[in-house]
Structures are given as C-alpha cells and as structure tokens.
Amino acid sequence: WDASPERTGFKETGDPTPYADAFERCIARDVPMLCANPDLVTIDPSGAALSMPGKLAAHYRLLGGRVVEFGKPHPTLFREALRIAGDPPLDEVLHVGDSLAHDVAGAAAAGVDSLFVIRSGVHADELSAENGGAYGE
C-alpha cells in the first residue's frame, strides 16, 4: 500500500480519508504517531497552499490516537538549533518564519525574537488588504 502524500493527494486536498484504516488499526494497538513536522500548511513556490504532516497528526489525535511531536513550536528544536549555532546570546538571535502558531510562538517560547513573513507566508491570504488584513500589494 503506497500511502505517500503524492499518491493519496493529501498535500493538495488535506483529506485524511486515505489513512483512515491505518489510523484505526494503529489507534486500536495504541501506536503513537511521531510527527517530525507539526506544520499544518505550507506554501509551495507557485503560491499554492499544501497540507503538511501536522494536519494528519491533528486528525490522528482527534480520533483518539497519541501523537508525539518534534519541531516548531516545541522549545527542544530551538534549543538544539541554538546549541548548534554555538549558544549565542538570545538577544542576538532572530528566527524568521511565516507561521504564527509554529514560528512566532516557538521563537517566543524559546526566548528569541522573530520576524514574521506575511506577503509570501501561510497567512498571506488572511492578512491581505483584500480580506480585511493589514497589508496590500
């Protein structure tokens, strides 16, 4: 069974239905889902929104499954990145990202400043002037 997002169309549709049987079997056996990228959505180079693993993890959790996440916004990821960077003073670190829930919240939890990308990020449509947001073309 090829459960790749390319084959199931999950990235484009966000529909977890192709995974329903596998999720049910795993939940019945109390198998936790490991989600290494809890982002819900990303924007591809063409500007299209694509569903990400975090959306599958959220659905698994909704069905009653246990989910273990690693990645933004969890402080462990930021601490490791800072360690790799030589443990610079936090006031010299700037995290750049386009997700309020993952990038901005994660940076805040880690005690570092963030730069929020709007125009080309995952919140671009909802923050555009056409949709009542704060910026315009």
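Residues numbered from 1 in each chain as written. Predicted model: local features only at pLDDT ≥ 70, side-chain atom pairs only at ≥ 80, totals over all residues. Heavy atoms only, no water.

Draft legend 1. How the structure looks around the overall build of the protein chain. Counting its regular elements, the protein chain contains 7 helices and 6 strands. The secondary structure elements of the protein chain, listed N-terminal to C-terminal, are α-α-α-β-β-β-α-β-α-β-α-β-α. In terms of overall dimensions, the protein chain has C-alpha extents of about 45 × 40 × 20 Å along its principal axes. Looking at the protein chain as a whole, 28% of its 137 residues are labelled buried. Of the contacts made within the protein chain by residues no fewer than 6 positions apart, 41% connect residues no fewer than 24 positions apart. As displayed, the protein chain has an accessible area near 8500 Å², and 56% of this comes from carbon and sulfur atoms. Across the protein chain, 11 positive and 21 negative side-chain charges occur, with their mean positions spaced 9 Å apart. (Helix = DSSP H or I, 4+ residues; strand = E, 2+ residues; numbered from the N terminus. Buried < 20%, exposed > 50% of the residue type's maximum accessible area, 1.4 Å probe, protein only. Contact = heavy atoms within 4.5 Å. Areas by Shrake-Rupley, 256 points an atom, 1.4 Å probe, with all protein chains shown as cover. Lys, Arg positive; Asp, Glu negative; His and termini not counted. Charge placed at Lys NZ, Arg CZ, Asp CG, Glu CD.)

Draft legend 2. Focus on the pattern of salt bridges. Counted according to the given criterion, the structure contains 4 salt bridges. The closest approach of N and O atoms between Arg66 and Asp30, which form a salt bridge, is 3.0 Å. Linking Arg66 in the loop between α4 (53–62) and β4 (67–69) with Asp30 in the loop between α3 (20–28) and β1 (33–35), this pair joins segments that are 36 residues apart in sequence. Classification of Arg66 as partly exposed rests on a relative accessible area of 42%. Judged by its relative accessible area of 47%, Asp30 is partly exposed. Note that Glu69 and Arg61 form a salt bridge whose closest N and O atoms lie 3.6 Å from each other. (Salt bridge = Lys/Arg side-chain N within 4 Å of Asp/Glu carboxyl O.)

Draft legend 3. Broad picture of the nonpolar core. One finds Phe10, Tyr19, Phe23, Met33, Cys35, Leu56, Ala57, Tyr60 and Val67 forming the largest nonpolar core, which totals 9 residues. Looking at this core, the elements with two or more residues in it are β1 and α4. It is α4 that provides the largest number of residues to this core, a total of 3 residues. With residues up to four places along the chain from it excluded, the contact list for Leu56 reads Phe10, Pro16, Tyr19, Phe23 and Met33. In this structure, Phe78, Ala107, Ala110 and Val112 belong to the second largest nonpolar core, which totals 6 residues. (Core = buried A, V, L, I, M, F, W, Y, C linked by side-chain atoms within 4.5 Å.)

Draft legend 4. Summary view of the pairing of strand β5 (residues 94–97). Where burial is concerned, the two faces of β5 differ: the one with His95 and Gly97 is buried and the one with Leu94 and Val96 is not. Inspection of the sheet shows β5 paired to strand β6 (residues 113–116) by 4 bridges, in the parallel sense. Following the sheet pairing, Leu94 is matched in β6 by Asp113. Taken together, β5, helix α6 (residues 100–110) and β6 form a β-α-β motif whose crossover is right-handed. (Pairing = 2+ DSSP bridges. Right-handed = clockwise from strand over helix to strand, strands pointing away.)

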